[in-house]
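Here are the chains, one letter per residue:
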Amino acid sequence: MPKAKTFELGATENTDARQREVQLLINIAEPDPEYQPFLLTDEASLLDAVATGTDVIRSRLIAYFGHDMQLDLRQPVWQLVDQIRRLRPGWPDDYGAH
């Protein structure tokens, strides 16, 4: 019988520091709180977190940001936050400032 995989809780500094931004991205990808995840792991991508299709998520992000930033939706959400911050310094506090 194969040994059961064990899970080890790691430091959540990456997700804790980005909690607001992560929640904002989830709200964009899936606006209905009923269909939003109640738990998000450090390795989960936006595509893992919500059942919304890739094309719909992309169109919602384009509507939010005003253009297609060519985001990699397969990377962990906290890395997606970093990618957005590199492309749009000051986000999300500068929303609408440009």
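Up top you'll find the structure we're talking about.
Everything numeric here is computed off the predicted structure, so don't read it as measured data.

Observations regarding the packing of aromatic side chains
Phase 1: The final tally for this structure, using the stated rule, is 2 aromatic pairs.
Phase 2: Plain terms: the ring middles of Y64 and F65 are 4.7 Å apart, the flat faces sit at 90° to each other, and that makes the pair edge-to-face. Comparing Y64 with F65 shows no difference in burial state: the two are buried.
Phase 3: Counting every residue linked through ring pairs, the aromatic cluster contains Y64, F65 and W91.

Focus on the packing of helix α2 (residues 19-29) against helix α5 (residues 77-87)
Phase 1: Packing of α2 against α5 leaves a shortest axis separation of 10 Å and a crossing angle of 95°. By the angle between their axes, α2 is roughly perpendicular relative to α5. Counting all contacts with α2, which are made through E21, V22 and L25, the residues of α5 involved are V77, L80, V81, I84 and R85.
Phase 2: Tallied by class, residues from the contact of α2 with α5 come to 6 nonpolar, no polar and 2 charged.

Looking at the nonpolar core
Phase 1: Grouped together as the largest cluster of nonpolar side chains are 20 residues, with contacts concentrated most on L25, L46, L61 and I84.
Phase 2: For this core, the secondary-structure elements that each account for two or more residues are α2, α3 (46-49), α4 (54-65) and α5.
Phase 3: At 5 residues, the largest contribution of residues to this core is made by α2.
Phase 4: For L46, the contacting residues outside a window of four places in its chain are L25, I26, A29, I57, L73, Q75, V77 and L80.

Points about empty space enclosed by the protein
Rolled over the atoms, a probe sized like a water molecule indicates the empty space that remains.
Phase 1: Under the defined criterion, the tally for this structure stands at 1 cavity of 30 Å³ or more.
Phase 2: Here the largest cavity is characterised by a volume of approximately 60 Å³.
Phase 3: As for the largest cavity, its lining consists of R58, L61, I62, F65, H67, D68, M69, Q70 and L71.
Phase 4: Classifying every residue of the lining of the largest cavity by side-chain character gives 5 nonpolar, 2 polar and 2 charged.

Rules and cut-offs
Residues numbered from 1 in each chain as written. Predicted model: local features only at pLDDT ≥ 70, side-chain atom pairs only at ≥ 80, totals over all residues. Heavy atoms only, no water. Phe/Tyr/Trp six-rings, centres within 6.5 Å; stacked < 30°, edge-to-face > 60°. Buried < 20%, exposed > 50% of the residue type's maximum accessible area, 1.4 Å probe, protein only. Axes fitted to C-alpha atoms, helices over the stretch in contact; angles between N-to-C directions. Helix = DSSP H or I, 4+ residues; strand = E, 2+ residues; numbered from the N terminus. Parallel < 35°, antiparallel > 145°, perpendicular 65-115°, else oblique. Contact = heavy atoms within 4.5 Å. Nonpolar A, V, L, I, M, F, W, Y, C, P; charged D, E, K, R; others polar. Core = buried A, V, L, I, M, F, W, Y, C linked by side-chain atoms within 4.5 Å. 1 Å grid on protein atoms, 1.4 Å probe; cavity = no way out; pocket = protein on both sides within 12 Å on 5 of 7 lines; lining within 4 Å. Points joined across faces, edges and corners; volume = space filled by probe spheres on them.

In short, the description is geometric, and any link to function would need to be established separately.
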